[in-house]
Structure formats: C-alpha cells, structure tokens
Amino acid sequence: MRTVYLDHQSATPLLPEAFEAMRPYFTEYYGNASSLHQHGLRVREALKKARQQQAALVGAESDEEIFFTSDGTESANLAVKGVAYANERKGKHLVVSATEHPSVMNSVEFLEKQGWTCTRVPVNAEGFIQLDALRKAITPQTVLVAVHHVNHDIGSIQPIHDVGAVCAAAGIPLYVDCEASAGWLPIDVRAMGASLVSFSPHRFYGPKGVGVLYRHRRARLVSILHGGVQEGGRRAGTENIPAIVGAGVAAEVAARELSSRSAHVARLQTRLWDGLLAKVPFIKLNGPLPGPGRAPNNINISTEFIEGEGQLLLCDLHGIAVASGSSCVSKSLKISHVLAAIGLDHALAQGNLILTLGKDNTEADVDYVVETFAKIVGKLRGMSPMWDEFERGVIDSVIAPRGVGRSFSEHAAAVSGKPAH
Amino acid sequence: MRTVYLDHQSATPLLPEAFEAMRPYFTEYYGNASSLHQHGLRVREALKKARQQQAALVGAESDEEIFFTSDGTESANLAVKGVAYANERKGKHLVVSATEHPSVMNSVEFLEKQGWTCTRVPVNAEGFIQLDALRKAITPQTVLVAVHHVNHDIGSIQPIHDVGAVCAAAGIPLYVDCEASAGWLPIDVRAMGASLVSFSPHRFYGPKGVGVLYRHRRARLVSILHGGVQEGGRRAGTENIPAIVGAGVAAEVAARELSSRSAHVARLQTRLWDGLLAKVPFIKLNGPLPGPGRAPNNINISTEFIEGEGQLLLCDLHGIAVASGSSCVSKSLKISHVLAAIGLDHALAQGNLILTLGKDNTEADVDYVVETFAKIVGKLRGMSPMWDEFERGVIDSVIAPRGVGRSFSEHAAAVSGKPAH
Amino acid sequence: MSDTYTLYNSTVMDHFMNPRNMGDLKDADGVGEVGAAACGDIMKISLKIREGRIEDARFKTFGCGSAIASSSMATELIKGRTIEEAMSFSNQEVVNALGGLPPVKIHCSVLAEEALKAALEDYVKRHPEAVAKPESVPA
Amino acid sequence: MSDTYTLYNSTVMDHFMNPRNMGDLKDADGVGEVGAAACGDIMKISLKIREGRIEDARFKTFGCGSAIASSSMATELIKGRTIEEAMSFSNQEVVNALGGLPPVKIHCSVLAEEALKAALEDYVKRHPEAVAKPESVPA
Ligand SMILES: Cc1ncc(COP(=O)(O)O)c(C=O)c1O
Ligand SMILES: Cc1ncc(COP(=O)(O)O)c(C=O)c1O
C-alpha cells in the first residue's frame, strides 16, 4: 500500500543533516550552557550559532533578539503573557484576531480571568482579518495586538504588513504567530513591523522540543517561566541544546530551500484541489483559493453529508495521513473555532479535513489521494442517513442548494431536539 | 591531560541506550501524538510506555499521574503556580523552604506580585528544614507546601517523610522538588505523602528537553502554558517525543542501577572529601557530612582566602569541570541563596565550589582532583591579599580561628567602605 | 492490521470498517433517528418486528468511527430480542460488546441506545397493542 | 589552548593564567587596597615611585578571573607613567587593553582603577610635596 503523509502541519520528519548536527550534543557535548567550564562554553558557542541561524531566517537584526523556548505554544504564551505582564501598568487590554491558534486564544482567556480584557477581531469568510475592525478595536489601554501570519487550519495569509501599519500608527506592539508560515513563506520581522514573532522549527523539518521567539530589542517582555537567568532572564530552565542545534540547521536549510519547497507544494496544492473538486461532488474548499492569499501547503475541505473522523480513519487505513477540524476529532467535542469564525455551516464543519503538503510529497501521491478519497466518500455517504435524505429530497445541500428540503442544521436540530450549533 | 567531569548536577551525558531508543523518533516515527493516524497513534504508545517508566521510578500508582514538561524548571513552575491558581478561592498563602531552587523561589515571587503571600521556612546550618517552623508557617489560607527532597547546592536530604506527615496532618498538598535526588535516591511518592513531585531525567543520563511532574490524582492542578489539550489539558504544546522516549529509558536504567550507582558515588564522595580535607588547609564542607543526611553525589566546599570563579577556571584548565555558588559565577553577582540560608560567612560563600560525581567517575579521577586542587589553591592563595594578610595576622580564619586579627568580612567592609554582605 | 496502530480497539475497528446491518429496511415497522447535540452526530435505526420480537435491524450513521461501530454493534445485539427486552437495552451493553470505548466517545453508545429507543417508540406508536402486556406478572 | 573553550578572550585568559607583576613590593611608596561591595572582590596594588614616575607596580587580588586579569593589566599599563598621568587613569584603558570584558565583569576593571587610585592617594598622603605642581600651567 502506498503511504502518503499529508499532515505536515502536525509534524515533519527531521532533516538527516539536522540529526547529524545534533548527534554529538547528546553523548559528547552534553554540557549545560550555564556552566563556566569547557563543557558549558562549547555549547554556548553552539547556542549562539543557532540563534544566528534563526535570526537569519526571519530577518532579525541580531541574534540577541532570538529566544529559545520549548515549542510554539510556549512561545505564544510568552509573547502574549510576557508582554501583558510587562505593560500591566500601561493598560490591560489586548486585541487578537478571532482565528488565532488556541495557544494564543487560551493565553488571552487566562489573562481575562486575571483582569485583562480582550477584543477578538472578526475575520471574513475566507479567514482574512477585517482591518477596519482591527483599527476600531485598539484603545488607549491596549498593550498588544496579536495577529498570526498564516492560519494553521485554513491557510489564509493575513495582510500582515497592513496590520503592522495599523499597529505602528497606534504605537502598539504587534505579535505575529508565524508557526504556520515560517520555513514556507518569506518572513521579514522588520518589514512586518512586528515586535514579537514566534515559530517552531518542527514545522519545517527541525526537531521537536524547541520553539523560537523573536523580540525586537525595544519591546518590553518579562519571563513567564521563572527560575534561572537563561535566555537573558526571559526563559528559565536548562536549554535543550541538541534540539536547538538541530533547529538551527533546519532554519538554515529552510532559508536556502524556501522558494523551491514552496513552489513544489504549491503545484501539488493546485493539483490536489483540482482533483478533489473534479472527483468528489458536494465538496468545498475552506479558506482562500490556492494563490497569493493562501499558504502553499494547506488544503482544507468540507465534504458534505459525512463526518470528518470517519474520513480521517479510512484515509489512514489507506495509508493517507490527514487531520480534521471536526468536533469528533477534538477532545472537547467542539469544531475548530477557526471554522466557526469564518461562519462555516456546522454540517460542513463536521465534514472537515485538513491536508498539509510537504517537500517529499509527489504528484503520484496527490493522484492516489484524490482517487482514494473519492472512494472513501462514496463508502461513508453510503452509510450516512443524511446522504440518503438528501437524495430523497428531505434535506438540501449547503454547498450546491437545489431549493428542495430543509437544511442539514434544521434537520439535525429536529432529530436531536436541540440546535446542532 | 586527564579530564574529570565533576558537574553532574548541571548536566549528564545521555545513555547510549537512551539515544538508540530515541533515534527512530526523529526521522521515522516523527508523528505528532495528537494526530489520529498511524504516525500519531504509534507515538502515543511510546508516550504511554514512557509515562509508565517514569511512574515506576517514583512509585506512582498510575502512568496517568505523570505529566511531561520541557524541564525541571517548567515542572516546578507548573507545580507551584498550577496548584496556587487551582486553589485560588481556597486561599492565597504558600509555604516553602528557604533553600528551594530558584525555579520554585522565583515562581513564588511572581505569585507574590499577584497577591499571594508566602512564608519561607528557615533551615539549619546543615541545610535541614526546621520542622517546628514549618508547622507554624501553615495557616488556614495555605494551599501548598513546597519542600525539595535534596538540596541542589549542598546535598542535604530533607526529612521529607516528616514534612509529609506535617502536611498530611494539616491537609495541605505537598510539592517535593526531586530534581537533585531522582535517579540517585529511592523515591516513593506515596510514602513521601507528596501530591506533586518534579524531576528531570537529564540529571540521570536522560536527554535534555523533558521534565516530569507527578501529580496525585486527587491534587488540583491547572495548566500554566495554555493552548491545546495535550497532557490531559495540563500542559499544552507539541510533545517532545524523542526526548520523552529517551527519558523513559533513562528512568528504567536508573531504577535498575540506582543502588549500585549510589554506592559507587558515595565511595568516591568520601574519598574526595577525605582527600581534600587532608591536602587543603582552611577548607570547609558545606552541608551535612557524607552519610545518610547527604546525597551521595555532592560535595560542596568553601576554600578560605580565595574566590570561587578563579578556582573553577583553573580546575577547567586542568581538565576538571566543576560548578560554584560564588557571586562572581552568577550573572546576578549574588552568592547562592542556599549558602546565605545556612548562614555561611560571606567570605566562605565567595570561595565556594560544587563538585558532583557521576557513575563514570573513578578513584583515579578523585585522586587527580585532590592533588590538582591543592596546587590550584596554592597558586590562588599566592595571589590573594587575604592569604597574605591572614599570614601576617591582620585577618583571622573563619574556619579555624586563631583569635588574631579582624574577620574577613570586617576587613572587606573596611576596604570597600561598605559591608560585604 | 498486524502492525497497524488504531485509534480504537480491534472490535471497534472491525465494526467501523465492516459495519453489520448497515442500510435501511424496506417497510420497517419502526424507525428512529436521533442526533447528539454535543458533537453533531446523527444515527438512524430501522426495525423489523415480528410477534413482539426484533427480527431485523439496520442502521445508518453520520458520525465518527465509534458512532458507526456503536450502531453496528447495537443492531447486532438487539436482533432476536423481545420489545420488552429491547426497551431496557442500555448503552453499556454496546460498550462492553465493543470491548470498551475511549471516555470521550461513550456518548456514541448512548446515541445508539437512543436511536434504538426512538425506533421502538415509533413502533409502539404505530402498534399500541404491542405493549398491552397481557401476561405481565404483578411486581 | 588551541581547541580549548574559554570564558574570556585569550588576552584575559593569558593575564589570568600568567599574571604580570603579581606580588607585593618591599618598601612600597604607596599601597591601595579596595573591595567591591557588589561582588566581594578585593584588590591590592603597591607602587614604587621615583621622581614622580611609577617605577614599579605589583598587585594581589582576591577575585574572579577577570579581576585578576584586570589588576595584572592595570599594573602593566601604569608602569612608567607620571603620577599626574596615573591620576587620570581610567578602567576603560584596562578593558581596551584586555580586548574587552563581559558586561557583568566591567566592574572588575573599575576595581583595578580604584586600587591604583588608592595606592596613589596613599603615596600622596605620604609625599604631599609630590603634587605641589610647581610647573603647572594656568588653565
Ligand atoms: C499557528 C500556530 N501557533 C502555535 C502553535 C503551537 O505550536 P506547538 O505545537 O509547537 O506547541 C501551532 C501548532 O500547531 C500553530 O499552528
Ligand atoms: C533542585 C532543582 N530544581 C529545579 C531545577 C531546574 O531544572 P532544569 O534545569 O531542568 O530546568 C534544578 C536545576 O538544576 C534543580 O537543581
């Protein structure tokens, strides 16, 4: 059986050259970077080089603007809470886009419990932040604006330079979560006007166990994990040197191969969506069309009348690894808040699948996925009462309405006695 | 030149078998544990096994009581803040020993800024917590007592079962930082009466990038890094699977070899201290004598009339890696708060050196260290105005007073115009 | 499936991949369709009932793997039972027969129970005489 | 020291490992001993002064590597200078001559400057005539 990995937003394999670079730091150069002897001093040099490699990837002025954390989540927590706590006396209001990753959203919710307030700026149906609403959201109490570069679920590339201009005009620091773009789209922290930028090398073939936070040297930021004085006092804890070294190599390679990798996945992206659209009736692309508005590695689809987990499991049994934003897939039984924020019908959100391409995927992979997925949809629709009811004219399609029958949501509400949302 | 690594409290080399276990998880089994497909499910199994290995090391009832973080610092932050926030409505008072690691101390300080209060329970001259003072420190508002198992600087083994009994009688959850003991001393979380226990496998030949937190299933604990629902919702962020797998192997090996490793380093510890005492005049062991009150891998000495960083650097130039709690070594220019807490004279704190043994050290290593260190002391004393002034009777020794001359501290205050403390 | 990792145990996976009694029953005597407000799943069970006994059962499910497996297993379990027996059917039977479900998925088995009960109710509405219980023994 | 990693640059390391002018001066004309309240270091500089010029200098230091190197370098730098020149000696000279110190260690060079000034003051106290400046030009 062919195996096709289409879940690069969840994990990527480590680059062999990154692994080779890491190897000696496990058993040979195992020192603690805080130590003043050979073993410590040697890894300090490695740490400095790794900082330079990350700085180069995102156009930071100096390696001193790069801080290492344990992952993208911690970087996001540090950016949001670290700026909020640092500016507490100035004001306690935050502005975020409605489709930020949970690591931002839930950090904000935590701060709300501690007395901060937050405005969530809506996005349009394609997932783009509404700049007018952003402008209006900023108050004299605002101390941070957080808008991600690319949405992790639907691939929308935010108009981040415009967002940066709005923040610059208002004099508010901007934090840009670049987890879904770093390594795939060019990033220039200065052109973005960003005071803080976070990302995770494990999204571009680096190792797990390390996240990056860029901080402009004038942005105020305090530590959220307290202890020793590692990372300039902004992140206590023994540095994960091997991972940091590997992440540096991954960043260097990503910078070098960025345009070829992106062009490659962009070609596959178009082929994938075109193929699915041709082979699977009642299917919808969530987020912008492939092109300048969408990350080149992401396809997010909703297939009507069937649910996402079943699609995911059957894909897996056919060797295809994908993700889903359906409520059945999430432990909280809620659909992805991103799909809710773009106003996607609940029925379509239930039938959601996220396919993310990588540098090693091929056209043959894509063709296999299209063909296999069409069969899977057929099988699941054969089991679905909704498909049957659609065919019998009891309910209508959301994607291509025929004007016959009630909506899926009305139907679901009727049979469950409660609204489906 | 012989090289002798005597800084095992800062870092240990990774076990080759742990490295081998980790290897496939970098490039082959690279899935995200949250994914529902093959790649995710496979690493979930690895994660479960790794939890069982940690649970076995500390006698936890179930692997569901084990949470993975990024390091010991994060585990300590999670234990302190996670319990404080979870019990906020019950009370806002914490009790900690005065010699906790900065990751605990600084977490507490952060909470103090947010309205909590904290009582720091003093220790005696050997670093043991004063149980009467602990008992008195607990109030109806107390929601957490934090007492470490072994002190990281001076190796004192706290009377943790007595501490546990005090907490149990008061009905207050006890958090025990076992970073300096795990893998070296037997730990039984239940016998300790601990609700929370933290430690870091990188202290017993596991990889960097992973910390462990044990939480008794009835202890209330909320997340401090917010985002996804990893680690049962108590630690968001992509799991560092390779490190977690390696840490599991390290825990298994540590459990198996614990008594032989401990017996080995205990023998070297005695040899080291006996040797130093015989060869170096005016030297003091900080913390308890080698024996049941002291961790078997730690020697903490103060050598009078000379400063610690110079000792450390000269040791390094002779191939010997050690640490120091002297103020010149810390970035904050402060002596270790542990040395302050045991009431060590400032002059002796300045001359501090921490030597921590490991399983691969040998008797020949120890003998080389003793011999070399005696020479280093001679060289530095030759450069020291204090040694000269001691010889001329201007100042007296703290370690072996002759009743001639003023104290070092008086002298330092006189020449600096300000008190040395 | 030898070295395949699965989200559910092998029984659940088997019922998901090879569902039993999938489909509709022509001229069903009772049909129940229910939805789970929590997750949005929808399940439909159709029954053929002869002489107070469930002769045949079919399901259709819009939902996750464990929802499909739960409805498959539920239809297997209830075939041959009397209406009375079926009325006291509990989701726990489904869970046990499946060899367990992840905690977050237990509600799928509840949905199967509800779909079955809804189908029975539909049958009873159409055949009130079926529950007249002439032979019931006083408690 | 080829593939040795060092905390300080090679000049600092050299002055730490092979300190110049270490020791005391018999019959010194001026001795200064100062302490840094911040870190607890103590530095002592002894001077031999002939005809208004520093003929010889020695140091003893209780302190870290950079404190030892700073005092070594300071004694090197000031030998041969006139008292007046030495009076305007600044720690920055030490830092420059050492090729830089880590930010947190700059205070070591300040201590060297202070020890030198204290030694000069001691000399001046003993020899007030030395600073009568008969030839000084009006500003
Ligand atoms: C946009 C975005 N931000 C933050 C994160 C969290 O990063 P990590 O998984 O490295 O903790 C993710 C993870 O997928 C993400 O997609
Ligand atoms: C007692 C103690 N607690 C906590 C820590 C912090 O752990 P880590 O270095 O893994 O962040 C240390 C580190 O040395 C320690 O000794």
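Treat the numbers as computed from the prediction; the structure is a model and nothing was measured.

1. Things to note about the relation of the copies chain A and chain B
- Expressed as a screw operation, the relation of chain A to chain B combines 0.0 Å of axial shift with a rotation of 180°, fitting to an RMSD of 0.1 Å. What we have between these two chains is a two-fold relation.
- The overlap is high: 100% of the interface residues of chain A also sit at the interface in chain B, so the same surface is used on both sides.

2. Quick word on the domain arrangement of chain A
Residues and elements named next belong to chain A.
- Partitioning chain A into domains gives domain 1 (16-254) and domain 2 (258-416).
- The straight-line distance from the C-alpha centre of domain 1 to that of domain 2 is 31 Å.
- Taken residue by residue, the interface counts 27 residues in domain 1 and 27 residues in domain 2.
- Of all residues in domain 1, the largest losses of buried area upon contact with domain 2 belong to Asp153, Ile154 and Trp184, amounting jointly to 35% of the total for that side.
- For the pair domain 1 and domain 2, the interface holds zero salt bridges.
- Taken together, the connections running from domain 1 to domain 2 amount to 10 residue pairs in polar contact (both at pLDDT 80 or more).
- Elements with a minimum of two residues in the side of domain 1 that touches domain 2: α5 (102-113) and α9 (241-279).

3. Looking at the interface of chain A and chain B
- Across the contact, 58 residues belong to chain A and 59 residues belong to chain B.
- Buried surface at the junction of chain A and chain B, summed over both partners, amounts to about 4800 Å²; 62% is from carbon and sulfur atoms.
- Broken down residue by residue, the surface that chain A buries against chain B is led by A:Tyr30, A:Lys208 and A:His226, which jointly contribute 15%.
- A salt bridge links B:Asp71 to A:Arg235, with the shortest nitrogen-to-oxygen separation between them at 2.8 Å.
- One can count 27 residue pairs in polar contact (both at pLDDT 80 or more) joining chain A with chain B.

4. Considerations on the packing of helix α2 (residues 65-78) of chain C against helix α5 (residues 106-126) of chain C
Residue and element names in this part refer to chain C.
- The geometry of α2 relative to α5 is characterised by a closest axis approach of 8 Å and an angle of 45° between their N-to-C directions. One element, α2, and the other, α5, form an angle in the oblique class. Relative to α5, the crossing made by α2 is right-handed. Note on element contacts: α5 touches α2 through Cys108, Ser109, Ala112 and Leu116, opposite Ser66, Ala67, Ser70, Ser71, Ala74 and Ile78.
- Each residue belonging to the contact of α2 with α5 can be placed in one class, and the counts come to six nonpolar, four polar and no charged.

5. Some remarks on the environment of A:Arg215
Residues and elements named next belong to chain A.
- As for its position among the elements, Arg215 is in strand β8 (residues 211-215).
- A relative accessible area of 9% means that Arg215 is categorised as buried.
- Residues Arg215 and Tyr175 lie 40 residues apart in sequence; the distance between their C-alpha atoms is 9.1 Å.
- Once residues lying within four places of it in the same chain are set aside, the contact partners of Arg215 are Glu65, Phe67, Ser195, Leu196, Leu221 and Arg234.
- Looking at Arg215, its side chain comes within polar contact range of the main-chain oxygen of Ala219, at 2.7 Å.

6. Remarks on the packing of aromatic side chains
Residue and element names in this part refer to chain B.
- All told, the structure shown has 30 aromatic pairs over all chains when counted by the stated rule.
- Between Phe199 and Phe204, the ring centres sit 6.2 Å apart and the planes meet at 35°, which makes this aromatic pair tilted.
- A relative accessible area of 0% places Phe204 in the buried class.
- Here Phe282 and Phe390 contribute two aromatic rings whose centre-to-centre distance is 4.9 Å and whose plane-to-plane angle is 75°, an arrangement assigned as edge-to-face.

7. Structural notes on the environment of B:Pro122
Residue and element names in this part refer to chain B.
- Looking at where Pro122 falls in the secondary structure, it is placed in the loop between β4 (117-121) and α6 (131-137).
- The partly exposed category is assigned to Pro122, whose relative accessible area is 38%.
- Sequence separation of Pro122 and Leu134 is 12 residues, and the distance between their C-alpha atoms is 8.3 Å.
- Filtering out sequence-adjacent residues up to four positions away, Pro122 remains in contact with Ala98, Phe128, Ile129, Gln130 and Ala133.

8. A look at the site of ligand 1
- Around ligand 1, 13 residues are found, and the nearest of them are A:Gly72, A:Thr73, A:Asp177, A:His202 and B:Thr238.
- The residues that come close to ligand 1 belong to more than one chain, namely chains A and B.
- Interatomic distance of 2.8 Å between a side-chain N/O atom of A:His202 and an oxygen atom of ligand 1.
- At 3.0 Å from an oxygen atom of ligand 1 is found a side-chain nitrogen or oxygen belonging to A:Arg203.
- Across the complex, the protein chains shield 93% of the 390 Å² of accessible surface that ligand 1 would expose by itself.
- Split into classes, the residues belonging to the shell around ligand 1 amount to no nonpolar, nine polar and four charged.

9. Here we look at the interface of chain C and chain B
- Contacts between the two partners involve five residues from chain C, matched on the other side by six residues from chain B.
- Across the chain C to chain B interface the summed buried area is about 510 Å²; carbon plus sulfur atoms make up 64%.
- Ranking the residues of chain C by area buried against chain B places C:Thr4, C:Tyr5 and C:Leu7 at the top, with a combined share of 94%.
- Counting the contacts that link chain C with chain B gives zero salt bridges.
- Connecting chain C to chain B are two residue pairs in polar contact (both at pLDDT 80 or more).
- Broken down by class, the residue content of the side of chain C that touches chain B amounts to two nonpolar, two polar and one charged.

10. Quick notes on the site of ligand 2
- Not every one of the 13 residues close to ligand 2 is listed here, only the nearest: A:Thr238, B:Gly72, B:Thr73, B:Asp177 and B:His202.
- Here an oxygen atom of ligand 2 and a side-chain polar atom of A:Thr238 are 2.5 Å apart.
- Within the side chain of B:Asp177, a nitrogen or oxygen atom sits 2.5 Å from a nitrogen atom of ligand 2.
- Burial of ligand 2 by the protein chains amounts to 93% of its free accessible area of 390 Å².

The rules we used
- Residues numbered from 1 in each chain as written.
- Chains lettered and ligands numbered in written order.
- Predicted model: local features only at pLDDT ≥ 70, side-chain atom pairs only at ≥ 80, totals over all residues.
- Heavy atoms only, no water.
- Least-squares fit on C-alpha atoms with pLDDT ≥ 70 in both.
- Contact = heavy atoms within 4.5 Å.
- Domains from an automatic or database assignment.
- Buried area = accessible area lost by both parts, 1.4 Å probe.
- Salt bridge = Lys/Arg side-chain N within 4 Å of Asp/Glu carboxyl O.
- Polar contact = N/O pair within 3.5 Å; in protein donor to acceptor, adjacent residues only side chain to side chain.
- Helix = DSSP H or I, 4+ residues; strand = E, 2+ residues; numbered from the N terminus.
- Axes fitted to C-alpha atoms, helices over the stretch in contact; angles between N-to-C directions.
- Parallel < 35°, antiparallel > 145°, perpendicular 65-115°, else oblique.
- Left-handed = near helix turned anticlockwise from the far one by under 90°.
- Nonpolar A, V, L, I, M, F, W, Y, C, P; charged D, E, K, R; others polar.
- Buried < 20%, exposed > 50% of the residue type's maximum accessible area, 1.4 Å probe, protein only.
- Phe/Tyr/Trp six-rings, centres within 6.5 Å; stacked < 30°, edge-to-face > 60°.
- Near = heavy atom within 4 Å.
- Areas by Shrake-Rupley, 256 points an atom, 1.4 Å probe, with all protein chains shown as cover.

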